[in-house]
Amino acid sequence: MSKHDIEHKKDQILLRALEDVPFDGWNKDLIEHAAKDIDLEAGLTRILFPSGVDDLLSHFSDWADRQMLEALSGIDPEELRVRDRIKTAVLKRLEILQPHQDAVRSSLSHWALPFRQLRAGKILWRSADRIWNWAGDISTDYNHYTKRTLLSGVMASTTMFWLQDNSGDGVATEKFLDRRIENVMQIG
């Protein structure tokens, strides 16, 4: 099975599972039920997601990143200021996740347990890294790590705000993100 085939099967399971998450949450049976519903062979889920829900949630974030990068493919980041590149990418990612807001909320509960927080941080870091790479960052020194760490914090706080934003148009979330980016810019 090629890497593309594996990713496609994982996407199929994820998209089917996302239909049930608002009702059942991220639970150990979710993957098997989703695979069965899309007629995937028994046992394949243990190969695709050996760590179960943790792997499925990691794939959820990866899927959102890939969707975000695809949506950003028509935008030349060089035409934007750096802060606007970051803002555009974060907002595009939230737009991709909008139909799955309940699943995002539920995923935060899953990752909140102390023994899961290290992996959650790595997944958030991966998303920040992909945004900075799209934005054209080529730093390799401490700036590389500082930028991704700061963006991880901005993304985490903005996501928490976005989950509470009942404005319907996302303007409040956008303004919140602008303030977080401005805070980071003041750090220097």
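These numbers come from a predicted model, not from an experiment.

Here's the deal with the pattern of salt bridges
Thinking step 1. Across all of its chains, the model carries 22 salt bridges by this definition.
Thinking step 2. Across the pair arginine 66 and glutamate 7 runs a salt bridge whose closest N-O atoms are separated by 3.4 Å. Of this pair, arginine 66 sits in helix H4 (residues 53–72) while glutamate 7 sits in helix H1 (residues 3–24); the two residues are 59 residues apart in sequence, bridging distant segments of the chain.
Thinking step 3. Notably, a salt bridge pairs lysine 92 with glutamate 95, separated by 3.5 Å at the nearest N-O pair. With lysine 92 and glutamate 95 both in helix H5 (residues 82–97) and 3 residues apart, the pair spans about one turn of that helix.
Thinking step 4. A cluster of three or more residues bridged by salt bridges with shared partners is formed by Glu7, Asp11, Asp62, Asp65, Arg66, Arg93 and Arg130.

Focus: the environment of lysine 3
Thinking step 1. Inspection of the secondary structure assignment puts lysine 3 in helix H1.
Thinking step 2. Lysine 3 gets classed as exposed once you look at its relative accessible area, which sits at 73%.
Thinking step 3. Lysine 3 sits 152 residues away from methionine 155 along the chain, and the two C-alpha atoms are 29 Å apart.

Some words on the layout of surface pockets
Thinking step 1. Estimates place the volume of the largest pocket at around 540 Å³.
Thinking step 2. A total of 6 residues in the lining of the largest pocket trace back to one element, the largest contributor, which is helix H7 (residues 117–135).
Thinking step 3. In this structure, the second largest pocket encloses a volume near 390 Å³.
Thinking step 4. In terms of lining, the second largest pocket is formed by 16 residues, of which the most central are Trp132, Lys147, Leu150, Val184 and Met185.
Thinking step 5. Looking at the lining of the second largest pocket, the elements with two or more residues in it are H5, helix H8 (142–164) and helix H9 (171–187).

What counts, and at which threshold
- Residues numbered from 1 in each chain as written.
- Predicted model: local features only at pLDDT ≥ 70, side-chain atom pairs only at ≥ 80, totals over all residues.
- Heavy atoms only, no water.
- Salt bridge = Lys/Arg side-chain N within 4 Å of Asp/Glu carboxyl O.
- Helix = DSSP H or I, 4+ residues; strand = E, 2+ residues; numbered from the N terminus.
- Buried < 20%, exposed > 50% of the residue type's maximum accessible area, 1.4 Å probe, protein only.
- 1 Å grid on protein atoms, 1.4 Å probe; cavity = no way out; pocket = protein on both sides within 12 Å on 5 of 7 lines; lining within 4 Å.
- Points joined across faces, edges and corners; volume = space filled by probe spheres on them.

Geometric descriptors of this kind do not, in isolation, establish any biological role.
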